[in-house]
Amino acid sequence: MRRVFQHFTMYGFIFCFIATVLGAIYLHILNIPAPYDITQLPKIFGVIGGIALCIGVAGLFALFVMIPYSKFIHVFYRFIALVKYNMDEQEA
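This text gives an overview of the structure that appears in the document. It should be emphasised that the depicted structure is a prediction, and the values quoted were computed from it without experimental measurement.

**Quick word on the overall build of the protein chain**
Phase 1 of the analysis: Each helix and strand in the protein chain was counted, giving four helices and zero strands.
Phase 2 of the analysis: For 92 residues, the compact-globule formula gives about 12 Å, and the C-alpha radius of gyration of the protein chain, at 20 Å, lies well above that figure.
Phase 3 of the analysis: Taken along its principal axes, the extent of the C-alpha atoms in the protein chain is 55 × 40 × 15 Å.
Phase 4 of the analysis: By residue count, 16% of the 92 residues in the protein chain fall in the buried class.
Phase 5 of the analysis: Total accessible area on the protein chain is roughly 7,400 Å²; 73% of this is exposed by carbon and sulfur atoms.
Phase 6 of the analysis: Averaging the positions of the 6 positive and the 4 negative side-chain charges in the protein chain gives two centres separated by 18 Å.

**Regarding helix H1 (residues 2–28)**
Phase 1 of the analysis: The end-to-end C-alpha distance of H1 is 39 Å, a good match for the 39 Å that 27 residues give at a rise of 1.5 Å each.
Phase 2 of the analysis: The complete set of buried residues in H1 reads Phe 5, Thr 9, Gly 12, Ala 19, Leu 22, Gly 23 and Tyr 26.

**Side note on unusual backbone geometry**
Phase 1 of the analysis: Here Ala 34 and Pro 35 are connected by a cis peptide whose omega angle stands at 5°.
Phase 2 of the analysis: Along the chain, Pro 35 turns up in the loop between H1 and helix H2 (41–59).
Phase 3 of the analysis: Residues other than glycine seldom take positive phi values, yet Asn 31 does so here, at roughly 55°.
Phase 4 of the analysis: You can see Asn 31 is positioned in the loop between H1 and H2.

**A closer look at the packing of aromatic side chains**
Phase 1 of the analysis: For the coordinates displayed, the defined rule picks out two aromatic pairs.
Phase 2 of the analysis: Between Phe 15 and Phe 45, the aromatic rings sit 5.3 Å apart at their centres with planes inclined by 50°, giving tilted as the arrangement. Taken together, the positions of Phe 15 in helix H1 and Phe 45 in helix H2 put the pair 30 residues apart, joining distant regions of the chain.
Phase 3 of the analysis: The class for Phe 15 is partly exposed, based on a relative accessible area of 26%.
Phase 4 of the analysis: Seen in terms of ring centroids, Tyr 26 and Tyr 36 are 5.4 Å apart; in terms of plane orientation they differ by 85°. Their pairing is edge-to-face. With Tyr 26 in helix H1 and Tyr 36 in the loop between H1 and H2, this residue pair connects regions lying ten residues apart in the sequence.
Phase 5 of the analysis: Exposure remark for Tyr 26: the relative accessible area of 12% places this residue in the buried category.

**Regarding the pattern of salt bridges**
Phase 1 of the analysis: Scanning the entire structure with this criterion turns up one salt bridge.
Phase 2 of the analysis: Close ionic contact of Asp 88 with Lys 84 constitutes a salt bridge, the shortest N to O distance being 3.0 Å. Of the two residues, Asp 88 and Lys 84 both sit in helix H4 (residues 73–91), four residues apart, roughly one turn of that helix.
Phase 3 of the analysis: Accessibility expressed as a relative area gives 36% for Asp 88, which makes it partly exposed.

Thresholds, definitions, all that
Residues numbered from 1 in each chain as written. Predicted model: local features only at pLDDT ≥ 70, side-chain atom pairs only at ≥ 80, totals over all residues. Heavy atoms only, no water. Helix = DSSP H or I, 4+ residues; strand = E, 2+ residues; numbered from the N terminus. Rg over C-alpha atoms; globule rule 2.2 N^0.38 Å. Buried < 20%, exposed > 50% of the residue type's maximum accessible area, 1.4 Å probe, protein only. Areas by Shrake-Rupley, 256 points an atom, 1.4 Å probe, with all protein chains shown as cover. Lys, Arg positive; Asp, Glu negative; His and termini not counted. Charge placed at Lys NZ, Arg CZ, Asp CG, Glu CD. Expected span 1.5 Å × (residues − 1). Phe/Tyr/Trp six-rings, centres within 6.5 Å; stacked < 30°, edge-to-face > 60°. Salt bridge = Lys/Arg side-chain N within 4 Å of Asp/Glu carboxyl O.

So, to be careful, I would describe these as geometric facts and stop short of saying anything about function.
Structure, rendered in structure tokens:
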């Protein structure tokens, strides 16, 4: 099931990115300002992408809750350690 929710999340991001690009094309190239009608492509991709993101994040909620207790927290600790190291180097 986690794979299904990860796909929802990934495709949701992709569809939202496409909606953003299409919105920029509509505005800057076609001179069609927002808000867009529900039948226009930026709105269609945005709505589908938003729904997919909601489903994916809701399904992966147990993953987000477990991040502080998993190996992925190492990324944040490493970043903080590098920032502290650089600050100590600048003081010295």
